Amino acid sequence: MKKTPLAFIGAGNMARSLIGGLIADGWDPASISVSDPDPDQLAAVGRLFGTRSAKDNTSAVEQSELVVLAVKPQVMHDVACELAATVQARHPLVISIAAGICSNDLERWLGGNCALVRCMPNTPALVQSGATALFANSAASDDQKALAESILRAVGLTLWIEDESLLDAVTALSGSGPAYFFLVIEALQEAGQSLGLDDKTARLLAVQTAFGAAKMALESRDDAATLRQKVTSPGGTTEKALAVLEEGGLRTLFNDALKAARDRSRELAKQFGEKS
Ligand SMILES: NC(=O)C1=CN([C@@H]2O[C@H](COP(=O)(O)OP(=O)(O)OC[C@H]3O[C@@H](n4cnc5c(N)ncnc54)[C@H](O)[C@@H]3O)[C@@H](O)[C@H]2O)C=CC1
Ligand SMILES: O=C(O)[C@@H]1CCC=N1
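Note that the structure is predicted; figures quoted are calculated from it, not measured. (Residues numbered from 1 in each chain as written. Chains lettered and ligands numbered in written order. Predicted model: local features only at pLDDT ≥ 70, side-chain atom pairs only at ≥ 80, totals over all residues. Heavy atoms only, no water.)

## Quick look at the pattern of salt bridges
Oppositely charged side chains are able to pair whenever their charged atoms sit close together.
Part 1 of the argument: Across all of its chains, the model carries 10 salt bridges by this definition.
Part 2 of the argument: Where aspartate 222 meets lysine 230, a salt bridge forms, and the shortest distance between an N and an O atom there is 2.4 Å.
Part 3 of the argument: The class of lysine 230 is exposed, set by a relative accessible area of 60%. (Salt bridge = Lys/Arg side-chain N within 4 Å of Asp/Glu carboxyl O. Buried < 20%, exposed > 50% of the residue type's maximum accessible area, 1.4 Å probe, protein only.)

## Quick word on the UniProt feature "domain: Pyrroline-5-carboxylate reductase catalytic N-terminal" (unreviewed entry) in the protein
Part 1 of the argument: The UniProt entry lists residues 6-100 under the feature "domain: Pyrroline-5-carboxylate reductase catalytic N-terminal" (unreviewed entry), expressed in the numbering used here.
Part 2 of the argument: End C-alpha atoms of residues 6-100 are separated by 23 Å, and the span's content is 49% helix alongside 19% strand. (UniProt positions renumbered as here; feature names shortened; annotations may be inferred. Helix = DSSP H or I, 4+ residues; strand = E, 2+ residues; numbered from the N terminus.)

## Describing the environment of serine 276
Part 1 of the argument: Summarising the element assignment, serine 276 is placed in the segment after α12 (250-273).
Part 2 of the argument: Separated by 171 residues in the primary sequence, serine 276 and aspartate 105 place their C-alpha atoms 8.1 Å from one another.

## Observations concerning the environment of phenylalanine 8
Part 1 of the argument: Note on placement: phenylalanine 8 falls in strand β1 (residues 6-9).
Part 2 of the argument: The buried category is assigned to phenylalanine 8, whose relative accessible area is 1%.
Part 3 of the argument: Taking C-alpha positions, phenylalanine 8 is 24 Å from glutamine 271, a pair spaced 263 residues apart along the chain.
Part 4 of the argument: Among residues more than four places away in sequence, those in contact with phenylalanine 8 are Ala15, Leu18, Ile19, Leu22, Ile32, Ser33, Val34, Ser35 and Val68. (Contact = heavy atoms within 4.5 Å.)

## Description of the side chain of serine 64
Part 1 of the argument: Relative to the helices and strands, serine 64 is located in the loop between α3 (57-62) and β4 (66-69).
Part 2 of the argument: Here serine 64 falls in the buried class, since its relative accessible area comes to 2%.
Part 3 of the argument: Of the polar contacts made by the side chain of serine 64, one reaches the backbone nitrogen of alanine 7; its length is 3.5 Å. (Polar contact = N/O pair within 3.5 Å; in protein donor to acceptor, adjacent residues only side chain to side chain.)

## So, the site of ligand 1
Part 1 of the argument: Around ligand 1 sit 23 residues in total, of which Asn13, Met14, Asp36, Gln41 and Val71 are the nearest.
Part 2 of the argument: Between ligand 1 and asparagine 57 there is a distance of 3.0 Å, counted from a nitrogen atom to a side-chain nitrogen or oxygen.
Part 3 of the argument: Note that an oxygen atom of ligand 1 is positioned 3.3 Å from one of the side-chain N or O atoms of lysine 72.
Part 4 of the argument: Of all the elements in the fold, those that place two or more residues in the shell around ligand 1 are α1 (13-24) and α4 (73-90).
Part 5 of the argument: Tallied by class, residues from the shell around ligand 1 come to 14 nonpolar, six polar and three charged. (Near = heavy atom within 4 Å. Nonpolar A, V, L, I, M, F, W, Y, C, P; charged D, E, K, R; others polar.)

See the structure below:
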């Protein structure tokens, strides 16, 4: 069992996805301390995973070598300032998963000279199929980078980026991305039902088709466009459906959607990152 003492600050959706994935990968729940001012959230995580519930954020960090900040961007300033003294005394590696909040703002709030990895995971981490891009600040050592990578790799694919500003694009693509695919599954299910399939049948066919397509895209040597062409028989059914999607502007819609998410990530940085 892996026993590096970890703290999760915030016990919400993303913390649960990461903790669930880590435990499934063999992490000892007793080495994970979690804090959250909402007693229901904290109790739910303890019940689900058998992690330790800390009485507050500071005591969670006091016992840990690695701290994952899993709170909303809106509260990151207050949480980081509250933890600054403990972080300066113990020098844990700090990992932030917050959308938008830049490493230099976070480092300043934590008291300066602090090893920091900023990353953008996604909720499929819960089933160890996450995708995470990571960025390390200059204070993070190679060993600390390797530790951060090992945590996120336990819950899926990891890759490093050198240019922190690209995390806004990563957030738009893979951070928010599971929601786009869930929407497509919902839409396919509803369309199947409107053609007469019962809801269970429509759901199963939509979900398994999404899974099969993703698995093929991951495992095949062909790119997505080639795989799409192989489904599309000339004069057949797929051709008709794809023509409707292309004429409806699906590509433009996704382009606009990702731009909107990227811009919101930039706004979050401005809105919540300028505090001293
Ligand atoms: N949900 C997602 O798919 C993803 C979220 N993120 C990022 O993860 C972070 C958390 O997002 P979610 O888990 O979705 O939010 P959430 O709202 O589910 O969880 C946030 C948790 O923080 C707790 N909290 C609030 N104030 C606190 C404080 N002062 N100290 C400690 N805990 C406090 C809340 O009670 C809540 O349980 C955000 O910064 C978000 O940008 C990143 C990748 C994907
Ligand atoms: O919607 C959000 O702001 C967060 C960041 C990426 C996914 N969820």
